[in-house]
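Chain by chain, the residues:
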Amino acid sequence: MTVLVTGSRGRVGSALVRTLHERNFDVRAGSASPDKLAFPTGVETVSLRLDDPSGHAVALDGVSAVFLYCEPAGIDAFIEQAEAGGVEHVVVMSADAVLRPGAEHDPIARGHLLVERALAESSLTTTPLNCGALASNALPWAWSLRARGAVALPYPDSYADPVDERDVAEAAFAVLTDPARRGRSYHLTGPEALSFAEQVRVIAAAVGRDIPIERVPPEVWRANKPDFMPGDIADALLTLWAASTEPVPLTHDVEHLVGRPARSFTEWAACHVDTFRAWPQPGRRSS
């Protein structure tokens, strides 16, 4: 079979493309910027924007299974072309926000829910992967370290369930390649619930240097949010973090799918030491 992987420049998508290729599956890597992809010889690349139906037919030609990022814009057209092209199975990378009460009114969940529901109403066999907080969500803390000499957090004691993006990719591989796993949903979490402060300490241990935490007012964090983050998403995150004062529930779905325990946040941090290693010394201003 040929598998189309959407969002192939992303951490999960790129890892999945490599895994499929290494295990001798035909894989087509879709990206809005295919010229920026760097995969081994033998991996087919194709221009694909999920919100632009003009490229859907070419991307889906001859494809029997799809790994799909949740992009609600254009989802109906994508599904129509997938059905017409003979796609049998779609694995959709969704969020566990859709599992929480009031998901219809949650900006974080809304887009994922729209995609899941559109797929559920189609003729395609669909397998949602409802992911907890990706461990890579910690990567922007490196920017804070370089700019401020500390990790700035509005709610350092808020809990999450960091799941390694490599585990998400391996879970996706498992459901894409094993028909017995299709058609059900999986809730992917890391193996431990950690507060943001605990995650910072894990990174500090990997780096071998104390990492200061600066507690900032929520409105200050909101005013300095990343430019790419919509305001309603920022507000929803602040609400979620404020409420997450207890360890979040965990699952064993990663272990069930990949045949080993989920990677710990300690393992993730050890792989990203260089990202967090360099920041200004106390008393020195960053350039």
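The text that follows walks through the structure, step by step, so that each part is easy to find. (Residues numbered from 1 in each chain as written. Predicted model: local features only at pLDDT ≥ 70, side-chain atom pairs only at ≥ 80, totals over all residues. Heavy atoms only, no water.)

**Quick look at the nonpolar core**
The tendency in soluble globular proteins is for nonpolar side chains to be buried side by side. Grouped together as the largest cluster of nonpolar side chains are 38 residues, with contacts concentrated most on W141, I203, I211, W221, F265, W268 and F276. Secondary-structure elements contributing two or more residues to this core are helix 4 (107-120), helix 5 (141-148), strand 7 (151-153), helix 7 (196-207), helix 9 (231-243) and helix 11 (265-270). At six residues, helix 7 tops the list of elements feeding residues into this core. Beyond its immediate chain neighbours, meaning those up to four positions away, W221 contacts A152, P154, V216, M229, A234, L237, L238 and W241. Residues V5, A65, V168 and V254 belong to the second largest nonpolar core, which totals 33 residues. (Core = buried A, V, L, I, M, F, W, Y, C linked by side-chain atoms within 4.5 Å. Buried < 20%, exposed > 50% of the residue type's maximum accessible area, 1.4 Å probe, protein only. Helix = DSSP H or I, 4+ residues; strand = E, 2+ residues; numbered from the N terminus. Contact = heavy atoms within 4.5 Å.)

**Let's talk about the pairing of strand 1 (residues 2-5)**
Alternating residues of strand 1 divide into T2 and L4 and V3 and V5, and every residue in both groups is buried. Handedness of the crossover joining strand 1 and strand 2 (residues 26-31) through helix 1 (residues 11-22): right-handed. The sheet contact formed by strand 1 and strand 4 (residues 65-69) spans three bridges and is parallel. Bridge pairing in strand 4 links L4 to V66. (Right-handed = clockwise from strand over helix to strand, strands pointing away. Pairing = 2+ DSSP bridges.)

**Points about a negative patch on the surface**
A contiguous patch of negative charge, built from D76, E80, E83 and E121, is present on the exposed surface. By the element assignment, E83 lies in helix 3 (residues 75-85). (Patch = residues over 30% accessible without salt bridge, like charges linked within 9 Å, V, L, I, M, F, W, Y side chains within 5 Å. Areas by Shrake-Rupley, 256 points an atom, 1.4 Å probe, with all protein chains shown as cover. Salt bridge = Lys/Arg side-chain N within 4 Å of Asp/Glu carboxyl O. Lys, Arg positive; Asp, Glu negative; His and termini not counted. Charge placed at Lys NZ, Arg CZ, Asp CG, Glu CD.)

**Considerations on the environment of F25**
For F25, the location among the structural elements is in the loop between helix 1 and strand 2. For the pair F25 and M1, spaced 24 residues apart in sequence, the C-alpha separation works out to 7.1 Å. Beyond its immediate stretch of four places on either side in the chain, F25 contacts M1, L20, F173 and T177.

**With respect to the environment of G42**
Tracing the backbone through its elements, the reader meets G42 in the loop between strand 2 and strand 3 (44-47). A relative accessible area of 63% places G42 in the exposed class. Remark: the alpha-carbon pair of G42 and H21, spanning 21 residues in sequence, is separated by 7.9 Å.

**Quick word on the side chain of T126**
Tracing the backbone through its elements, the reader meets T126 in strand 6 (residues 125-131). Accessibility expressed as a relative area gives 13% for T126, which makes it buried. At a separation of 3.3 Å, a polar atom in the side chain of T126 contacts the main-chain carbonyl oxygen of L124. The residues touching T126, leaving out its near neighbours within four places in the chain, are H89, V90, V92, L119, G183 and R184. (Polar contact = N/O pair within 3.5 Å; in protein donor to acceptor, adjacent residues only side chain to side chain.)

**Examining the packing of aromatic side chains**
Considering all chains together, one arrives at seven aromatic pairs under this definition. For the pair W141 and F196, a centre-to-centre distance of 6.0 Å together with 80 degrees between the ring planes defines the contact as edge-to-face. On the criterion of sequence distance, the pair formed by W141 in helix 5 and F196 in helix 7 is long-range, its members being 55 residues apart. With a relative accessible area of 11%, W141 lands in the buried category. Centre to centre, the rings of W268 and F276 are 6.4 Å apart; their planes meet at 65 degrees, and the pair counts as edge-to-face. Overall, the relative accessible area of 0% leaves W268 in the buried class. (Phe/Tyr/Trp six-rings, centres within 6.5 Å; stacked < 30°, edge-to-face > 60°.)

**Quick look at helix 5**
Burial in helix 5 covers these residues: W141, A142, S144 and L145. Viewed end-on, helix 5 has its buried residues packed into an arc of 160 degrees, placing them on one side of the element. Residues of helix 5 that are exposed and angled more than 90 degrees away from the buried face: W143 and A147. Tucked inside the fold, the buried residues of helix 5 contact strand 7, helix 7 and helix 12 (273-277). (Arc of directions from axis to C-beta.)

**Re the sheet that holds strand 4**
Strand order across the open sheet formed by seven strands is 3-2-1-4-5-6-9, with parallel pairing between neighbours. Only two strands of the sheet have a single neighbouring strand rather than two, namely strand 3 and strand 9 (186-188). Between one strand axis and the next, the sheet turns through 20 degrees on average, direction left out of account. Here strand 5 (residues 89-95) pairs with strand 6 via seven bridges, running parallel. Bridged to A95 within strand 6 is C131. (Axes fitted to C-alpha atoms, helices over the stretch in contact; angles between N-to-C directions.)

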